[in-house]
Amino acid sequence: MPLRARQRCHAALTGLAVLTFSLALAGPAAAGAPVDGARAADTWNEVGSDRADPLTESQGLASVEVPAGSPNRYTGIGTIPLGLSTRGWNHVGDPDASYDGHYVEPYQRDDGNTKMFRVQAPDGSWSEYVHTLSPGEALNNSWSALSPDGQWMLAGEWGTMNRLLVFPTPGVNPATSPSANLPQVATVRLDHAVRDVQGCDFLDATTLLCSSDDPDGTLFGITKPLLRIDLSAAPNGTADVSGHVTALRQLPLRSACSGDFESEGIDYDRRTGTLRVIVVSPGFCVLTDSKTYRFTRS
């Protein structure tokens, strides 16, 4: 999320003191946008939702398989450790976890030429991996997505982009070290531009599902699309791969308030076949009816 969007979230959170009034003034919920079936390569049907807490569940989410029985993880303004924010790491994006239990959170700051990935190992210990920006790379660090083999991590940039970035997975790939720069090793070159991608997750070794916060709708004919990216090959860190982009549907945009929604992180849980996407509500309703929507495939 860029600075302007982050400021919008911070401003909304100051409304906690007037939450009672916002509830009293709330009108009827807006109807969800229709699905364009002709656009879909496969269909993801909404099956439920849960309230997304604006402080701790408004940026991203990840399902963790190891250890068994681990709860789902979420990120938000309130999950940033004080020690990180005082060092300038004031935004956390959409995290992901490897199948062996390594958990990775992407961080950004408002200045400088680095972004950071914070990793929790299965034993509970934390480490930090800093990446120095490549020429032309955007400063923001919206999301991380770990390949099914655990060795490679994809990340993305804000704005209108024709690529995704490939890194060795910090803390998992033996070529990484907290004491060394985390290098970009390859690129996913997209056949269609994407805008304001807030999260991606692997469906399988060569398929990504991504949430876009595109407010314009000119790229695919809908705003806030759920995207599918089919890769020409599984990322291996030695060569670029291409990605074919398809818009599957518009994400749900329902709230008691009118205004600008914000789509956030995404997670696919292979154990249950459940896709989850966070959508933050407009205005004061960020506090009351922001949702994590659940989908299953048909």
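Residues numbered from 1 in each chain as written. Predicted model: local features only at pLDDT ≥ 70, side-chain atom pairs only at ≥ 80, totals over all residues. Heavy atoms only, no water.

Chemist: How should I be thinking about the overall build of the protein chain in this particular structure?
Modeler: Of regular secondary structure, the protein chain possesses three helices and 19 strands. Of all 298 residues assigned to the protein chain, the portion counted as buried reaches 54%. Counted over contacts in the protein chain with a minimum sequence separation of 6, partners at least 24 positions apart contribute 56%. When the accessible surface of the protein chain is split by element, carbon and sulfur atoms take 54% of a total near 11700 Å². (Helix = DSSP H or I, 4+ residues; strand = E, 2+ residues; numbered from the N terminus. Buried < 20%, exposed > 50% of the residue type's maximum accessible area, 1.4 Å probe, protein only. Contact = heavy atoms within 4.5 Å. Areas by Shrake-Rupley, 256 points an atom, 1.4 Å probe, with all protein chains shown as cover.)

Chemist: Can you walk me through the confidence of the model for the protein chain in this structure?
Modeler: Detailed reading of predicted coordinates is not advised where the pLDDT is low. With 86% of its residues at a pLDDT of 70 or more, the protein chain shows a mean pLDDT of 89. Across residues 6–40, confidence stays below pLDDT 50; counting only partners more than four residues off in sequence or on other chains, it has 50 contacts. (pLDDT = per-residue confidence, 0-100.)

Chemist: Would you explain the nonpolar core in this entry?
Modeler: The nonpolar side chains of soluble globular proteins are, as a tendency, buried together. In terms of nonpolar packing, the biggest core is built from 23 residues, with L154, L164, V188, L208, L227 and I229 touching the most fellow members. Within the residue set of this core, elements represented by two or more residues are strand 10 (152–155), strand 11 (160–168), strand 12 (186–195), strand 13 (197–204), strand 14 (207–212), strand 15 (225–231) and strand 16 (241–250). Beyond its immediate stretch of four places on either side in the chain, I229 contacts L164, L190, T206, T207, L208, C210, G243, H244 and V245. Judged by nonpolar contacts, the second largest core, of 15 residues, contains W44, L251, V279 and Y293. (Core = buried A, V, L, I, M, F, W, Y, C linked by side-chain atoms within 4.5 Å.)

Chemist: It is not clear to me how empty space enclosed by the protein should be interpreted in this structure. Could you clarify?
Modeler: To locate leftover empty space, one rolls a probe as large as a water molecule over the atoms. Going through the model one piece at a time under the given rule, you end up with two cavities of 30 Å³ or more. Looking at the largest cavity, its volume works out to about 130 Å³. What lines the largest cavity is a set of 13 residues, and nearest its centre among them are D96, A97, Y99, D201 and Y268. Of all the secondary structure elements, the ones that give two or more residues to the lining of the largest cavity are strand 5 (96–97), strand 13 and strand 17 (262–269). Here the residues of the lining of the largest cavity sort into five nonpolar, three polar and five charged. (1 Å grid on protein atoms, 1.4 Å probe; cavity = no way out; pocket = protein on both sides within 12 Å on 5 of 7 lines; lining within 4 Å. Points joined across faces, edges and corners; volume = space filled by probe spheres on them. Nonpolar A, V, L, I, M, F, W, Y, C, P; charged D, E, K, R; others polar.)

Chemist: Help me understand the pattern of salt bridges, please; the structure alone is not making it clear to me.
Modeler: Any two side chains of opposite charge can pair, on the condition that their charged atoms come close. Throughout the structure, instances matching the rule amount to 18 salt bridges. The salt bridge involving R228 is made with D230; its shortest N-O contact spans 3.0 Å. Residue classification places R228 among the buried residues on the basis of a relative accessible area of 14%. Taking the relative accessible area as the measure of exposure, D230 reaches 24% and is therefore partly exposed. If you follow the salt bridges from partner to partner, you end up with D42, R228, D230 and R297 in one network. (Salt bridge = Lys/Arg side-chain N within 4 Å of Asp/Glu carboxyl O.)

Chemist: Help me understand the packing of aromatic side chains, please; the structure alone is not making it clear to me.
Modeler: The geometry of an aromatic ring pair is captured by two quantities: the separation of the ring centres and the angle between the planes. Under the definition given, this model contains three aromatic pairs. Taking the centre distance of 6.0 Å and the plane angle of 85° together, the rings of W44 and Y268 count as edge-to-face. Here W44, found in strand 1 (residues 44–51), pairs with Y268, found in strand 17; they are 224 residues apart in sequence, far enough to count as distant. Across this residue pair, the class does not change: W44 and Y268 are buried. Note on F117 and F167: the rings are 5.7 Å apart at their centroids and 55° apart in plane angle, and the pair reads as tilted. One end of the pair, F117, is in strand 7 (residues 114–120); the other, F167, is in strand 11, with 50 residues separating them in the sequence. On the basis of relative accessible area, F167 is assigned to the buried category, the value being 0%. Positioned above the aromatic ring of W126, the side-chain terminus of R118 is 3.5 Å from the ring centre. (Phe/Tyr/Trp six-rings, centres within 6.5 Å; stacked < 30°, edge-to-face > 60°. Lys NZ or Arg CZ within 6 Å of the ring centre and 35° of its normal.)

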